[in-house]
Amino acid sequence: MKPIEQIMRTAPVIPVLVIDDVHDARPIAEALVESGLKVLEVTLRTDCALEAIKRMNLVPGAIVGAGTVTNKQQLDDCVAAGAEFIVSPGLTEPLAHAAASAGVPLLPGVANAGDIMRGLDLGLKHFKFFPAEANGGIPALKALTGPFGDLKFCPTGGIKQDTAADWLALDQVLCVGGSWLIGPKPLDFDAIRERAAKAAALAG
């Protein structure tokens, strides 16, 4: 099993996290991991994202990766910060080669057959289907998986607690990316734990 597949099979939902206050990073990670979601994707959408990755790595059991990675420099910075895997909204040859050279698992975004074929040419078989709902939802992914039967996916974008199970019912979907876990500020950690526990239970 490829390292990225091991990560994808760890939990049914990968929280997609936008951390705008670095002091929230470790408490958020602790709440999610305690509730059964060990794989965490910190997006590079804020200035404190790299420091958030470092702090989340201090939480026992956490598998912390970086999302919204679009180029080699970002990948290198994330690996230096301790990211254990890399998620990208799309797929480029330079990024794929950079991930391979760094020895870090890559989950690149794909939206159509051309993206998938480019990934196959690069030796990849695990992809983020993105943006999942805006890109046609479950019918679109079902149509794409027809000619690409041995690939595995993590749909991300627009998926919610009440729709996640429908995606996870697809044979080629190992997990989904979810941005619904944290909620608005001020942070309610009891609510975060409750949402995370419900998401983790989708594995059953």
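This text goes with the structure placed above it.
Model, not experiment: these values are computed from the prediction.

Caption draft 1: Broad picture of helix H4 (residues 72-81). Within the span of H4, buried status applies to Leu 75, Cys 78 and Ala 81. Seen along its axis, H4 keeps its buried residues to an arc of 125°; they face one direction. Residues of H4 that are exposed and point more than 90 degrees away from the buried face comprise Gln 73 and Ala 80. Considering only its buried residues, H4 is in contact with helix H3 (49-56), strand E3 (63-67), strand E4 (86-88) and helix H5 (93-102). Its side-chain oxygen at 3.2 Å from the backbone nitrogen of Gln 73, Asn 71 defines the N-terminal cap of H4. After H4 finishes, the residue Gly 82 shows a positive phi value of roughly 105°.

Caption draft 2: Main features of the environment of Leu 40. Residue placement: Leu 40 occurs in strand E2 (residues 39-43). Sequence separation between Leu 40 and Lys 142 is 102 residues, and the spatial gap between their C-alpha atoms is 26 Å.

Caption draft 3: Quick peek at the packing of aromatic side chains. Considering all chains together, one arrives at 2 aromatic pairs under this definition. When the ring of Phe 127 is compared with that of Phe 153, the centres are 6.2 Å apart and the planes differ by 35°; the resulting orientation is tilted. Of this pair, Phe 127 sits in strand E6 (residues 126-129) while Phe 153 sits in strand E7 (residues 152-153), and the two are 26 residues apart along the sequence. The same class applies to Phe 127 and to Phe 153, which are both buried. When the ring centre of Phe 130 is taken as origin, the NZ or CZ atom of Lys 128, which lies over that ring, is 4.3 Å away.

The rules behind these values
Residues numbered from 1 in each chain as written. Predicted model: local features only at pLDDT ≥ 70, side-chain atom pairs only at ≥ 80, totals over all residues. Heavy atoms only, no water. Buried < 20%, exposed > 50% of the residue type's maximum accessible area, 1.4 Å probe, protein only. Helix = DSSP H or I, 4+ residues; strand = E, 2+ residues; numbered from the N terminus. Arc of directions from axis to C-beta. Contact = heavy atoms within 4.5 Å. Polar contact = N/O pair within 3.5 Å; in protein donor to acceptor, adjacent residues only side chain to side chain. Phe/Tyr/Trp six-rings, centres within 6.5 Å; stacked < 30°, edge-to-face > 60°. Lys NZ or Arg CZ within 6 Å of the ring centre and 35° of its normal.

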